[in-house]
Amino acid sequence: MSRITLSNLAHSYLPKPKAPADYALKEMDHVWQDGGAYALLGASGCGKTTLLNIISGLLRPSQGRVLFGETDVTDAPTAARNIAQVFQFPVVYDTMTVRENLAFPLRNRGRDAAYIAARVEQIAAMIGMEAMLSSKARGLTADAKQKISLGRGMVREDVNAILFDEPLTVIDPHMKWELRTQLKQLHREFGHTMIYVTHDQTEALTFADKVVVMHEGRVVQTGTPEELFETPEHTFVGYFIGSPGMNLFEAEVEGPMARVMGHPVPLSESYPATRGRVQIGIRPEFVQLADEGLPVVITRVEDVGRHRILRGEAFGQPVNLLLPEEIPAATGPAFLRLAPEKINVYADDWRVLPVGARRAA
Ligand SMILES: Nc1ncnc2c1ncn2[C@@H]1O[C@H](COP(=O)(O)OP(=O)(O)OP(=O)(O)O)[C@@H](O)[C@H]1O
């Protein structure tokens, strides 16, 4: 197992890239700590698969280095990197039995028969396929075949990292939850470095200790699920994580006070003078209805389990509130109170630190 370092990395699929828009991955430095369970999260086309393929060696970056531990593997082929990969769609040998499929990566490495038999039993139990070990893979459902692919990805204990590219796409919803839990369990037991690509925030937040959020070819934040919720470093993180996402208001900020279209919104800290497009962001969970404050028109009230989502509009912008069921709510004009300690300030989409604050390492 090893730490994976991406140093001064960038990638373009064009032979002679010029503008930043020509790059699928913009220049980045990023470290994946040894033994970390990471989710790589972002919208379709943001560069997740490109990044994963560079780590696995399927793609050579047009700029920068990839290090496994201290070893530079930028030019090493996939086979030399000692990693396991699980793709979106099953990769299994149809003519082999489930047992032979699971044993394949171990046989390839010359492991002894007793070890292989024990390890295959263990993995089969994990993916819920003990009863099918002697069945041929041909004829199994896509769901079952993908479970075999997952099992094969996890069967070797000596890999540097396991890379998953949207591995649960073809799995039915109940089994998805089950397999994610199993993956987490496996991570706790064996401590492999795992990188799990997904565009589904639930998948990312339940699987990972650290979530790496990508947007337009950049890593915009790496953090725990709590950090992504409390202090999104980029407005995209605020919008992409959470359901509904963070509310944003165009604002002017001076010291401990923001103004939204002239309406004062107190902040809990003082902010430095900021240039560019300034916005304040607050999650729907921390907005309340009040007798005075920001004027809003509530257009819809939705019941979602123990909460209600109120959807509305303030100054031409959509606004969402998440309120407990017992609070009365109706459509029409209302006022909003924003919890000052839950407001983040953004300039040109990046979070501005309050005066005297330091960014978490
Ligand atoms: N082989 C390729 N040749 C040219 N452009 C490519 C190639 N593969 C990807 N791209 C482009 O690079 C950008 C990043 O694509 P990538 O597949 O890495 O994104 P992604 O986040 O994995 O998306 P998805 O979730 O849809 O798989 C996209 O604009 C895509 O069109």
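Analysis parameters
- Residues numbered from 1 in each chain as written.
- Predicted model: local features only at pLDDT ≥ 70, side-chain atom pairs only at ≥ 80, totals over all residues.
- Helix = DSSP H or I, 4+ residues; strand = E, 2+ residues; numbered from the N terminus.
- Contact = placed C-beta atoms within 7 Å.
- UniProt positions renumbered as here; feature names shortened; annotations may be inferred.
- Core = buried A, V, L, I, M, F, W, Y, C linked by C-beta atoms within 7 Å.
- Buried ≥ 20, exposed ≤ 12 C-beta atoms within 10 Å, placed from the backbone.
- Pairing = 2+ DSSP bridges.
- Axes fitted to C-alpha atoms, helices over the stretch in contact; angles between N-to-C directions.
- Parallel < 35°, antiparallel > 145°, perpendicular 65-115°, else oblique.
- Left-handed = near helix turned anticlockwise from the far one by under 90°.
- Nonpolar A, V, L, I, M, F, W, Y, C, P; charged D, E, K, R; others polar.
- Domains from an automatic or database assignment.

### Focus: the overall build of the protein
So, step 1. Check the secondary structure of the protein and you find eight helices and 21 strands.
So, step 2. Taking the principal axes of its C-alpha atoms as reference, the protein extends roughly 75 × 50 × 35 Å.
So, step 3. Within the protein, contacts between residues separated by at least 24 positions form 66% of all contacts whose residues are at least 6 apart in sequence.

### A closer look at the UniProt feature "domain: ABC transporter" (unreviewed entry) in the protein
So, step 1. The sites that carry the UniProt feature "domain: ABC transporter" (unreviewed entry) are, in the present numbering, residues 4–241.
So, step 2. A helix fraction of 35% and a strand fraction of 24% characterise residues 4–241, whose end C-alpha atoms lie 26 Å from each other.

### Topic: the environment of Val345
So, step 1. As for its placement among the helices and strands, Val345 is situated in strand β20 (residues 344–347).
So, step 2. For the pair Val345 and Leu40, spaced 305 residues apart in sequence, the C-alpha separation works out to 25 Å.
So, step 3. Contact partners of Val345, with chain neighbours within four places excluded, come to Val253, Tyr271, Val278, Ile280 and Val352.

### Topic: the environment of Val155
So, step 1. Mapped onto the fold, Val155 is located in the loop between α4 (142–154) and β7 (161–165).
So, step 2. Linking Val155 and Glu227, residues 72 residues apart in sequence, is a C-alpha distance of 33 Å.
So, step 3. Contact partners of Val155, with chain neighbours within four places excluded, come to Leu102, Pro105, Leu106, Arg119 and Ile123.

### Focus on the nonpolar core
So, step 1. In this structure, Tyr38, Ala39, Leu40, Ile195, Tyr196, Val212 and Val213 are the most contacted members of the largest nonpolar core, which totals 65 residues.
So, step 2. Examining the composition of this core, we find that five residues originate from one element, strand β3 (residues 37–41), more than from any other.
So, step 3. Core analysis: the second largest hydrophobic core is formed by 24 residues, Met246, Phe249, Ala258 and Val352 among them.

### Points about the pairing of strand β11 (residues 247–250)
So, step 1. What you see with β11 is a clean split: Asn247 and Phe249 sit on the buried side and Leu248 and Glu250 on the side with no burial.
So, step 2. The pairing of β11 with strand β14 (residues 278–282) spans four bridges and is antiparallel. Counted as the bridge partner of Asn247 is Ile282 from β14.

### Looking at the packing of helix α2 (residues 98–108) against α4
Helices that pack against each other are described as a pair by the angle of their axes relative to one another and the distance between those axes.
So, step 1. Relative to each other, α2 and α4 sit at 30 degrees, their axes nearing to 7 Å. If you check the angle between α2 and α4, you find them roughly parallel. Between α2 and α4 lies a crossing whose hand is right-handed. Across the interface between the two elements, Val98, Asn101, Leu102, Phe104 and Pro105 of α2 pack against Ile148, Gly151 and Arg152 of α4.
So, step 2. Class assignment for the residues of the contact of α2 with α4 results in five nonpolar, two polar and one charged.

### Here we look at the domain arrangement of the protein
So, step 1. Entries for the protein in the domain assignment read domain 1 (4–239) and domain 2 (243–352).
So, step 2. The straight-line distance from the C-alpha centre of domain 1 to that of domain 2 is 37 Å.
So, step 3. Across the contact, seven residues belong to domain 1 and ten residues belong to domain 2.
So, step 4. A breakdown of the residues in the side of domain 1 that touches domain 2 according to their chemical character gives two nonpolar, four polar and one charged.

### What to know about the sheet that holds β3
Hydrogen bonding along the main chain pairs the strands of a sheet, whether they run parallel or antiparallel.
So, step 1. Taken in spatial order, the six strands make up an open sheet running β6-β7-β8-β3-β9-β10, and their pairing is mixed. Unpaired on one side and paired on the other, β6 (83–86) and β10 (218–223) mark the two borders of the sheet. Averaged over all adjacent pairs, the angle separating strand axes in this sheet is 15 degrees, with direction ignored.
So, step 2. Strands β6 and β7 of the sheet are contacted by α4, whose axis makes an angle of about 170 degrees with β6.

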